[in-house]
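Chain by chain, the residues:
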Amino acid sequence: MPAYDDNNIFARILRGEIPNDTVLETGHTLVFRDIRPQAPVHVLVIPKGAYVSYDDFSANASDAEIVDFHRAVARVTRDLGVSLDSGQGFRAITNAGAHGVQEVPHFHLHILGGRPMGRMVQPD
Ligand code: 5GP
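Residues numbered from 1 in each chain as written. Predicted model: local features only at pLDDT ≥ 70, side-chain atom pairs only at ≥ 80, totals over all residues. Heavy atoms only, no water.

1. Thoughts on the overall build of the protein chain
When its secondary structure is counted, the protein chain shows four helices and five strands. A globule of 124 residues ought to have a C-alpha radius of gyration of about 14 Å, and the protein chain, at 14 Å, matches this closely. Expressed as lengths along the three principal axes of its C-alpha atoms, the size of the protein chain is roughly 40 × 35 × 30 Å. In the protein chain, which comprises 124 residues, the proportion classed as buried is 39%. Here the protein chain has roughly 7,500 Å² of accessible surface; of this, 52% comes from carbon and sulfur atoms. Once the 11 positive and 15 negative side-chain charges of the protein chain are each reduced to a mean point, those two points are 7 Å apart. (Helix = DSSP H or I, 4+ residues; strand = E, 2+ residues; numbered from the N terminus. Rg over C-alpha atoms; globule rule 2.2 N^0.38 Å. Buried < 20%, exposed > 50% of the residue type's maximum accessible area, 1.4 Å probe, protein only. Areas by Shrake-Rupley, 256 points an atom, 1.4 Å probe, with all protein chains shown as cover. Lys, Arg positive; Asp, Glu negative; His and termini not counted. Charge placed at Lys NZ, Arg CZ, Asp CG, Glu CD.)

Dropping the structure here:
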């Protein structure tokens with residue numbers, strides 16, 4: 001696992017050095033709108049802890065952090081009207097490393113919805 005970069009953009013958002021459009025904040029998790037939205041609803045769910053990627057988070061976060069993260073997903077999908085109860089569904093994506101084309105090396109889950117999302121992976 002690569003070392004966590006304390007100066008990545010989401011670490012700076014968590015420290016309050018860069019503004020963000022927060023949708024939900026809990027003890028271990030922050031949800032905010034993506035600065036370049038790809039859909040009518042496009043938010044990023046991030047743990048407050050220093051985890052590089054989903055596999056890092058899944059292996060090394062505490063049970064409390066993992067539960068809090070996933071409960072936050074449930075809350076925002078419902079509150080933003082894209083859950084199966086409140087709307088018509090969503091796509092959740094997390095990119096990891098070079099082949100995943102991860103731009104920001106702090107674990108984040110994209111939640112996209114508000115329109116049909118098309119094919120999951122575009123052919124080359
Ligand atoms: P990745 O490619 O790492 O999965 O996605 C990173 C996401 O972070 C991109 O969708 C990009 O638009 C978003 N992003 C990058 N910098 C900022 C920022 O400063 N603020 C917010 N809200 N989103 C950002």
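2. Topic: the UniProt feature "active site" (unreviewed entry) in the protein chain
Feature annotation in UniProt assigns "active site" (unreviewed entry) to the following positions: H108. Following the sequence through the fold, H108 ends up in the loop between helix 4 (97-100) and strand 5 (109-113). We classify H108 as buried; its relative accessible area is 5%. Aside from chain neighbours lying at most four places away, what touches H108 is F10, L44, V45, I46, I93, T94 and Q102. (UniProt positions renumbered as here; feature names shortened; annotations may be inferred. Contact = heavy atoms within 4.5 Å.)

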